[in-house]
Amino acid sequence: MSGLADNARAAAAGLHRAVSALRDHDTPGLDDLDGLVARSRAAGAAVTIETCGEAVPLADPRASHAAYRVVQEGLTNAVKHASGAPITVSLDWQPDALLLSVANPLPRHPHSPPAAAVATAAACPG
């Protein structure tokens, strides 16, 4: 009977790996940033992407997805809180990390100095 249980466990594990691979395939990541920025531009946002350093694939697809989500949230907040202001997405590839920022100038209010809003995150490539 233990042989049947072992086979069932192995089949379930294989199914779990297949479903996870399909989920990872449909999850947006850094390779999808150009599309995200294009959609933001099509909606009227003035977005610039700056890249520094040599891009390397992140070892964990979840880190790539997290980086995508940071940029997505940063673009959403920039449009929501400073509509019409230019937005800069920066990807700074370090030897052991990816530093992200999404920045735009805050709207000027009377009696307040100029400032900038910045969303940042870091993901390790390895």
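Residues numbered from 1 in each chain as written. Predicted model: local features only at pLDDT ≥ 70, side-chain atom pairs only at ≥ 80, totals over all residues. Heavy atoms only, no water.

## A short note on the nonpolar core
Leu30, Val71, Leu75 and Leu91 are the most contacted members of the largest nonpolar core, which totals 20 residues. Those elements that place two or more of their residues in this core are helix 2 (33-42), helix 3 (61-81), strand 2 (87-93) and strand 3 (98-105). Ranked by the residues each element gives to this core, the list is headed by helix 3, at six residues. Not counting residues within four places of it along the chain, the set of residues in contact with Val71 comprises Leu33, Leu36, Val89, Leu100 and Val102. (Core = buried A, V, L, I, M, F, W, Y, C linked by side-chain atoms within 4.5 Å. Buried < 20%, exposed > 50% of the residue type's maximum accessible area, 1.4 Å probe, protein only. Helix = DSSP H or I, 4+ residues; strand = E, 2+ residues; numbered from the N terminus. Contact = heavy atoms within 4.5 Å.)

## Structural notes on the layout of surface pockets
Roughly 470 Å³ of volume is contained in the largest pocket. Tallying contributions element by element places helix 3 first for the lining of the largest pocket, with three residues. Split into classes, the residues belonging to the lining of the largest pocket amount to eleven nonpolar, six polar and four charged. Volume-wise, the second largest pocket comes out at about 190 Å³. Those elements giving two or more residues to the lining of the second largest pocket turn out to be helix 2 and helix 3. (1 Å grid on protein atoms, 1.4 Å probe; cavity = no way out; pocket = protein on both sides within 12 Å on 5 of 7 lines; lining within 4 Å. Points joined across faces, edges and corners; volume = space filled by probe spheres on them. Nonpolar A, V, L, I, M, F, W, Y, C, P; charged D, E, K, R; others polar.)

## A look at helix 3
With 21 residues, helix 3 ought to run about 30 Å at 1.5 Å a step, and its terminal C-alpha atoms sit 30 Å apart, in line with that. The complete set of buried residues in helix 3 reads Ala63, Ser64, Ala67, Tyr68, Val71, Gly74, Leu75 and Ala78. Along the axis of helix 3, the buried residues cluster in a sector spanning 145°; they form a single face. Across helix 3 from its buried face, at more than 90 degrees, point the exposed residues Arg62, Lys80 and His81. (Expected span 1.5 Å × (residues − 1). Arc of directions from axis to C-beta.)

## Some points on the pairing of strand 2
The buried fraction of strand 2 amounts to five of the seven residues, a majority that puts the element mostly inside the structure. Each parallel crossover has a hand, and for strand 1 (residues 47-52) linked through helix 3 to strand 2 it is left-handed. In this structure, strand 2 lies alongside strand 3, joined through six bridges in antiparallel fashion. Bridging across to strand 3, Asp92 finds its partner in Leu99. Where strand 2 folds back on strand 3, the antiparallel hairpin that results is connected by four residues. (Right-handed = clockwise from strand over helix to strand, strands pointing away. Pairing = 2+ DSSP bridges.)

## A look at the environment of Pro57
Along the polypeptide, Pro57 turns up in the loop between strand 1 and helix 3. Remark: the alpha-carbon pair of Pro57 and Leu30, spanning 27 residues in sequence, is separated by 8.7 Å.

Scope: geometric values only; no functional claims are made or implied.
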